[in-house]
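Residue-level structure breakdown
So you can see what is in the structure, the chains are spelled out below.
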Amino acid sequence: MSNASEIVKGYSLPVWVTAVAMAALRCLRGEPFVSPVSVQLPQESGPHGLPVQQAAPLGADTALAMGRCQPGDHLDLTRDLPIWVLAERLPRERGHPALQLLPGAGVGVHTESGRICASNFALDLLHRNLEPLVPGQAAVRLTLVFPTGARLAERTSNRAFGVVDGLALLGMGARVQPSAAPDQLAAARQRLANVVEARPHDPVVLVLGANGWDLARRHGLPEAAMVKVGNWIGPLLVEAAERRCHQVLLWGYHGKLLKLAGGIFHTHHHVADGRAAVLTAFAALEGVTGSKLEQLYRAPTVEAALNQLRHHDPGLSSRLEARLLAEVEQQARAYVARHGEHVPEVGVVVFDGHRQVRGTGPHGRCLLNMVQPPDLVGILP
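In what follows, the accompanying structure is described.

1. Regarding the sheet that holds strand S16 (residues 357-360)
With mixed pairing, the five strands of this open sheet are ordered in space as S13-S12-S14-S15-S16. Since the sheet does not close on itself, it has two edges, and those belong to strand S13 (226-228) and S16, each with one partner. Neighbour-to-neighbour, the strand axes of this sheet turn through a mean angle of 25 degrees, independent of strand direction. Across three bridges, the pairing between strand S15 (residues 345-351) and S16 is antiparallel. Bridge assignment links Val-349 to a residue of S16, and that residue is Thr-360. Contacting strand S14 (247-253), S15 and S16, helix H7 (residues 254-261) crosses the sheet at an angle of about 130 degrees to S14.

Shown next, in the form of structure tokens:
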């Protein structure tokens with residue numbers, strides 16, 4: 001078993017959920033509560049001990065366990081996220097799985113199916129550790145609850161990818177791999193070098209995050225031109241310039257790209273936010289005043305603010321969004337110019353929470369047409 005010092009290295013959310021679920025299931029079996037809980041991770045020989053806060057029976061066939069996600073020293077949205085797991089013993093019915101996983105409050109679900117949004121890694125980890133604990137001749141229903149998940153989900157682009165109601169149970173591995181980590185930047189730089197070498201005369205597409213990558217592929221952008229940048233937008237723009245790249249297309253969710261209009265080029269929310277201030281500053285330049293400006297500033301998300309403005313004054317909304325996108329492109333070029341002599345043409349494409357391209361900057365449309373397959377050129381608005 002791992003010792004306590006290993007905990008700070010940063011386990012991903014699925015690992016913590018598995019530990020809490022195991023504590024609930026053991027309590028359901030009548031076993032005494034013990035912490036840390038031993039979780040078996042894929043491709044590792046021994047189990048790893050993770051602390052769980054508490055587990056207790058709620059009746060003969062129900063138990064509840066509670067814990068918190070501790071991703072280590074990394075900047076992570078799930079830090080201290082409360083995790084509750086309700087375990088219920090059910091009669092085993094033929095044709096039904098021994099282990100059922102249900103989304104409770106604060107856990108993200110797919111809009112179309114209503115099913116829990118979880119990565120294959122998360123599901124495999126849960127089943128691998130929990131199925132051996134299911135009582136004989138019985139089935140177990142586990143309901144996951146993230147009490148603060150719905151509020152935290154507002155700070156993500158989940159809804160742009162059909163995930164609603166809370167945080168998705170994502171993660172491709174047991175260890176946290178934050179987009180702000182230096183090794184992730186090194187990997188992105190190497191990817192950028194490979195793309196430029198293979199396509200020296202074509203635009204490079206800097207894609208913000210895994211969600212942006214998925215949507216870019218769905219819209220026909222060639223994967224061979226794409227580099228996932230996470231939050232390191234500024235350094236990778238400079239890297240592209242140093243490699244004599246002539247065109248760079250930024251593709252991402254507008255809530256994140258809006259920061260660039262304010263000159264913020266490391267976009268992790270722990271480093272800087274400023275979206276409300278940027279939005280209202282440019283709205284004021286377009287003539288918005290008084291209570292309307294206050295409403296924009298107080299809106300829970302950038303998308304909510306823009307939708308509100310679009311509903312009340314479509315013309316003003318269009319002018320404001322066009323101004324913001326033009327400013328993103330201008331600020332990006334200015335940022336690169338401060339770091340070297342070669343300045344590539346920079347364009348921007350932003351999408352919204354409905355998986356729709358919201359708009360393009362003055363240069364973004366041209367660059368998008370250059371990288372899209374010929375049969376898709378002109379399809380996007």
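2. Quick notes on helix H1 (residues 13-28)
Compared with an ideal rise of 1.5 Å per residue, which puts 16 residues at 22 Å, H1 spans 23 Å between its outermost C-alpha atoms and is within 8% of the ideal. In terms of burial, H1 is largely enclosed, as 15 of its 16 residues are buried. Looking one or two places after H1, you find Gly-30, whose phi comes out positive at around 90 degrees.

3. Looking at helix H12 (residues 364-371)
Within H12, the full set of buried residues consists of Gly-364, Leu-367, Leu-368 and Val-371. Summarising the axial view, the buried residues of H12 lie within an arc of 105 degrees, below the 170-degree limit, and thus occupy one face. For H12, the elements touching its buried residues are strand S12 (204-207), S14, helix H11 (314-337), S15 and S16.

4. Let's talk about the sheet that holds strand S6 (residues 99-103)
Sheet architecture is open: five strands sit in the order S3-S4-S5-S9-S6, paired in mixed fashion. Unpaired on one side and paired on the other, strand S3 (54-59) and S6 mark the two borders of the sheet. With strand direction ignored, the average angle separating the axes of adjacent strands in the sheet is 20 degrees. Relative to strand S9 (residues 138-145), strand S5 (residues 82-91) runs antiparallel, the two sharing eight bridges. Residue pairing in the sheet places Trp-84 in a bridge with Val-145 of S9.

Rules used throughout
- Residues numbered from 1 in each chain as written.
- Predicted model: local features only at pLDDT ≥ 70, side-chain atom pairs only at ≥ 80, totals over all residues.
- Heavy atoms only, no water.
- Pairing = 2+ DSSP bridges.
- Helix = DSSP H or I, 4+ residues; strand = E, 2+ residues; numbered from the N terminus.
- Axes fitted to C-alpha atoms, helices over the stretch in contact; angles between N-to-C directions.
- Contact = heavy atoms within 4.5 Å.
- Expected span 1.5 Å × (residues − 1).
- Buried < 20%, exposed > 50% of the residue type's maximum accessible area, 1.4 Å probe, protein only.
- Arc of directions from axis to C-beta.

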